[in-house]
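Residues per chain, in single letters:
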Amino acid sequence: MMKRMYVAPSLLAADFSNLGREVDRIAQADFLHIDIMDGRFVPNLSMGPQVISALRGRSELLFDVHLMLEHPLPYVEVFRHAGADVISFHMECADDPGALIAAIKQSGAKAGIAVKPATPVERLLPYLGELYMVTVMTVEPGFGGQKLMPGPLEKVKKLKEQSPGLLVEVDGGVNRETLALCRDAGVDVLVAGTAIFRAENPSEEIAFLRGSSSF
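This one's a predicted model, so the numbers in the text were calculated from it and none came from an experiment. Sequence positions are assigned chain by chain, starting from 1 and proceeding in written order. Only residues with pLDDT of at least 70 are given local features in this predicted model, and only at 80 or more are side-chain atom pairs given and counted; all residues enter the totals for whole chains, interfaces and linings. To obtain the side-chain values, all non-hydrogen atoms of the structure were included, while hydrogens and water were left out.

**Q** Report on helix 8 (residues 202–210), specifying residues and quantitative values.
**A** Where burial is concerned, most of helix 8 is hidden: seven out of the nine residues are buried. Each residue is assigned to one of three classes by its accessible area relative to the maximum for its type, calculated with a 1.4 Å probe on protein chains only: buried under 20%, partly exposed between the two thresholds, exposed over 50%. By definition, any uninterrupted DSSP run of H or I lasting at least four residues is a helix, any uninterrupted run of E lasting at least two residues is a strand, and each is numbered from the N terminus. Inspection of helix 8 places P202, E205, I206, A207, F208, L209 and R210 among the buried residues, and these make up the whole buried set. Of the residues flanking the start of helix 8, the one acting as N-cap is N201, its side-chain oxygen 3.1 Å from the backbone nitrogen of S203. Phi for G211, located one or two positions after helix 8, is positive at around 95°. Pairing of N or O atoms within 3.5 Å defines a polar contact, subject to two protein rules: one partner must be a possible hydrogen donor and the other a possible acceptor, and residues neighboring in sequence count only if both atoms are side-chain atoms.

This is how it looks when you write it as C-alpha cells:
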C-alpha cells in the first residue's frame, strides 16, 4: 500500500497580491508552510508575523512556521502569538538549540529543527526526543523554485531509523517528478510551493502528492 504523506504548500510561492484567496485554494492540505527570512541567515527577506496573524482566522490548517533567522530566539513568542502551530529553527543559527526548543514548547507550539543540505544529520541526534518534526532542506534555503538535491534525502532515512515516530519534512524542489524519491526515503511531510500554487488545480496537485489520488 502506498504511504500517505502530509502536504504543506509553501506560502512563498503564492500570489502575494491576494494571499487570502491563495490560502482558500489550498484548504485541502495538511499544513501551511510559512518561510520567515531575515536577510542575514539567508540572502532574502520574506514576511513577518502580521501576515500570519492576517491569515490565521482564514485557515484551519496547521501553520508550519520555518524561521530562517540568525537569531530566532527573541521571535518565538512573537510568531506563536501570531498563530504558529509548529515553529522550526535552523540548526545552523546562532542561538542555542536547547534554549530554542524550550522556548518553543513553553510558548505552546510544537518544536522543529531544519537543516541545510550540507549539515550532518548527527548534529540533530541529541535533540530528536524533544522534537515534533525535522525539516530536511533539499535546496539551499532562501529562494523558491529550485531543483531538489537528492543527496540530503539520505538524512531522512537515518532520522527515521533513529526516531520512527518523528515527523520528517522535506523542503525544496518537491513536485510530481521528485515525489518517488521522497516517498522511497520515508518522508512524512512534503513542502511544495511552485508545484501547488502554480498548478491549474491545487486540490488535485495536493491529492496527487499526498498519495490519495491517481490524477
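**Q** Talk me through the side chain of T178; I want residue IDs and the actual numbers.
**A** By the element assignment, T178 lies in the loop between strand 7 (167–171) and helix 6 (179–185). Setting aside residues up to four positions removed in sequence, T178 forms contacts with L148 and G173. Residues are treated as being in contact if the distance between any of their heavy atoms lies within 4.5 Å.

**Q** Describe the pairing of strand 8 (residues 189–192), listing the residues and the values that go with them.
**A** Burial along strand 8 is two-sided: V189 and V191 and L190 and A192, pointing in opposite directions, are all buried. Strand pairing requires that DSSP identify at least two bridges connecting the strands. Across four bridges, strand 1 (residues 6–9) lies against strand 8 in parallel orientation. Counterpart to V7 in the pairing with strand 8 is L190. Read from strand 7 through helix 6 to strand 8, the crossover connection turns out right-handed. Assignment of crossover handedness uses the view with strands pointing away from the viewer, where a clockwise path from the first strand over the helix to the second indicates a right-handed crossover.

**Q** Report on the environment of V189, specifying residues and quantitative values.
**A** Its place among the elements puts V189 in strand 8. The class of V189 is buried, set by a relative accessible area of 0%. Sequence spacing of V189 and P72 is 117 residues, and the spatial spacing of their C-alpha atoms is 23 Å. Among all residues touching V189, those that are not within four sequence positions of it are Y6, A8, F31, M133, L167, V168, E169 and V170.

**Q** Go over the UniProt feature "binding site: a divalent metal cation" (unreviewed entry) in the protein chain with me, naming the residues and quoting the values.
**A** UniProt positions are given in the numbering used here, feature names are shortened, and annotations may be inferred rather than shown by experiment. What UniProt calls "binding site: a divalent metal cation" (unreviewed entry) maps, in this numbering, to H33, D35, H66 and D171. The greatest C-alpha distance among the annotated residues, which extend across 139 residues, is 10.6 Å, indicating that they converge on a single site. Its relative accessible area of 0% is what places H33 among the buried residues. The contact partners of H33, leaving out residues within four places of it in the chain, are A8, P9, S10, L11, D64, H66, E169, D171 and V191. Taking relative accessible area as the criterion, D171 reaches 8% and is therefore assigned buried.

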